[in-house]
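Listed here are the chains, written in short residue letters.
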Amino acid sequence: MEAQKETSQPANKTSTSGGDQEEQCCSNTSCENNEEQEPSSPKQGDFSDPVYKEIAIANGTINRMNKNELLAKCVELKLDTRGVKDVLKKRLKNYYKKQKLMHSPGAKGNSDVYFDYICVVDFEATCEENNPPDYLHEIIEFPMVLIDTHTLEIKMVDDAKPFNQVLKQAVSWLQKKELGRKYKYTFLTDGSWDMGKFLNTQCKLSRIKYPQFARKWINIRKSYGNFYKVARAQTKLICMLENLGMEYDGRPHCGLDDSRNIARIAIHMLKDGCQLRVNECLHSGEPRSVPISAPIEGAPAPKTPKKRD
């Protein structure tokens, strides 16, 4: 979905991707300013079934493999061979973990995914060179890509209308998918700025309240860094694609193309065994980290935000 301002964009402005709120980010969920932490290791949890010892042994064997050995094992198991060494290790570990848990009635494994749908958004907004701290970014593209986490299919919608109209259309589109009612869903972004800065600022400019259904989201950069154990510098969109053995598809900084490529990364991570979960929320008008201990909740059913008083 693409939203175009009614007035033309000033010549000295370009687009870039990626005040106070009346309500807090979410009920029954605490927010912290720290990075999302890794889940407890099997030794710290209730993993008494012997299968977890077998998984640990398999992981140790994989850790000792060089890249050629990892590639050969992926070929043997008919797994995807794209990606850097650490990605291949994670893929093989997930494969063996699934196989072991599948054949162990006593082991209690988690479900493959937490949500039925993941909605990827990557706003494009106005900006100026050396933006001042108080610069007000206005959304000029509103793309939306929906991932069916069970089939790993991508659905999307694209249109060009003023922000208020396109937001209503987005809400209507999500409602037709019965998200938040029949299906559990959440949002996913490439960083914190899409929700914490762009959408937050645009809602103020449009004199509407920030939508409740977008108050929590998955920051894929954090999820990617934690899952594949890479430095923050390696979590930019192009770097993530390259590390997974993929190339950018489309025109960079086109909101819809960026969203599609972010969705491709998310699908690849799901295939590699990453259980994407909410790790950020909007709290008092600022993005905050959601701790790993927070309950896993889907976003509420989407509703068109009310106007500000």
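Rules used throughout
Residues numbered from 1 in each chain as written. Predicted model: local features only at pLDDT ≥ 70, side-chain atom pairs only at ≥ 80, totals over all residues. Heavy atoms only, no water. Phe/Tyr/Trp six-rings, centres within 6.5 Å; stacked < 30°, edge-to-face > 60°. Buried < 20%, exposed > 50% of the residue type's maximum accessible area, 1.4 Å probe, protein only. Lys NZ or Arg CZ within 6 Å of the ring centre and 35° of its normal. Helix = DSSP H or I, 4+ residues; strand = E, 2+ residues; numbered from the N terminus. Contact = heavy atoms within 4.5 Å. pLDDT = per-residue confidence, 0-100. Core = buried A, V, L, I, M, F, W, Y, C linked by side-chain atoms within 4.5 Å. Polar contact = N/O pair within 3.5 Å; in protein donor to acceptor, adjacent residues only side chain to side chain.

Draft legend 1. Just the packing of aromatic side chains, in detail. Under the counting rule described, the total for this entry stands at nine aromatic pairs. On the basis of an interplanar angle of 80 degrees and a centroid distance of 5.5 Å, the ring pair of Tyr-95 and Tyr-96 is categorised as edge-to-face. For Tyr-96, a relative accessible area of 23% puts it in the partly exposed group. Grouping aromatic residues by their ring pairs yields a cluster made of Phe-123, Phe-142 and Phe-163. Over the ring of Phe-227 we find Lys-90, and its NZ or CZ is 4.6 Å from the ring centre.

Draft legend 2. Representation of the environment of Gly-196 within the structure. Topologically, Gly-196 is positioned in helix α5 (residues 193-205). Expressed as a C-alpha distance, the spacing of Gly-196 and Pro-287, which sit 91 residues apart in the sequence, is 5.1 Å. Excluding its chain neighbours within four sequence positions, the residues that come into contact with Gly-196 are Trp-217, Leu-282, Gly-285 and Pro-287.

Draft legend 3. Molecular detail of the confidence of the model for the chain. For the chain, per-residue confidence averages 82 on the pLDDT scale, and 77% of positions sit at 70 or higher. Throughout residues 1-15 the model reports pLDDT below 50, and contacts reaching past four residues in sequence, or to other chains, amount to 55 contacts. Predicted confidence is poor over residues 19-45, with pLDDT under 50, and the contacts of this stretch with residues over four places away or in other chains come to 65 contacts.

Draft legend 4. Just the nonpolar core, in detail. If you look at the biggest cluster of nonpolar residues, it comprises 35 residues, and the most contacted ones within it are Leu-188, Ile-220, Ile-265, Met-269 and Leu-276. Elements that contribute at least two residues to this core include exactly β2 (117-121), β5 (144-148), α6 (220-228), α7 (237-243) and α8 (255-271). Considering every element that reaches this core, the biggest residue donor is α8, with eight residues. With sequence-adjacent residues up to four places away left out, Leu-276 is seen in contact with Tyr-114, Phe-115, Ile-118, Leu-188, Ile-218, Ser-223, Ala-266, Met-269 and Leu-270. Of all hydrophobic cores here, the second largest spans 31 residues; its members include Val-121, Phe-163, Phe-187 and Ala-214.

Draft legend 5. Focus on the side chain of Glu-280. Examined against the element boundaries, Glu-280 turns out to sit in strand β9 (residues 280-283). Among the residues examined, Glu-280 registers a relative accessible area of 3% and is labelled buried. Only 2.8 Å separates the side chain of Glu-280 from the side chain of Ser-192, close enough to count as a polar contact. Here Asn-219 takes part through its side chain, which lies 3.0 Å from a polar atom of the side chain of Glu-280. Setting aside residues no more than four positions away along its own chain, Glu-280 makes contact with Gly-191, Ser-192, Arg-215, Lys-216, Trp-217, Asn-219, Lys-222, Arg-288, Ser-289 and Val-290.

Draft legend 6. Fine view of the environment of Tyr-95. Note on placement: Tyr-95 falls in helix α3 (residues 85-102). Exposure remark for Tyr-95: the relative accessible area of 23% places this residue in the partly exposed category. In this structure the C-alpha to C-alpha distance between Tyr-95 and Cys-74, which are 21 residues apart in sequence, comes to 9.7 Å. In contact with Tyr-95, not counting residues within four places along its chain, are Leu-77 and Leu-79.

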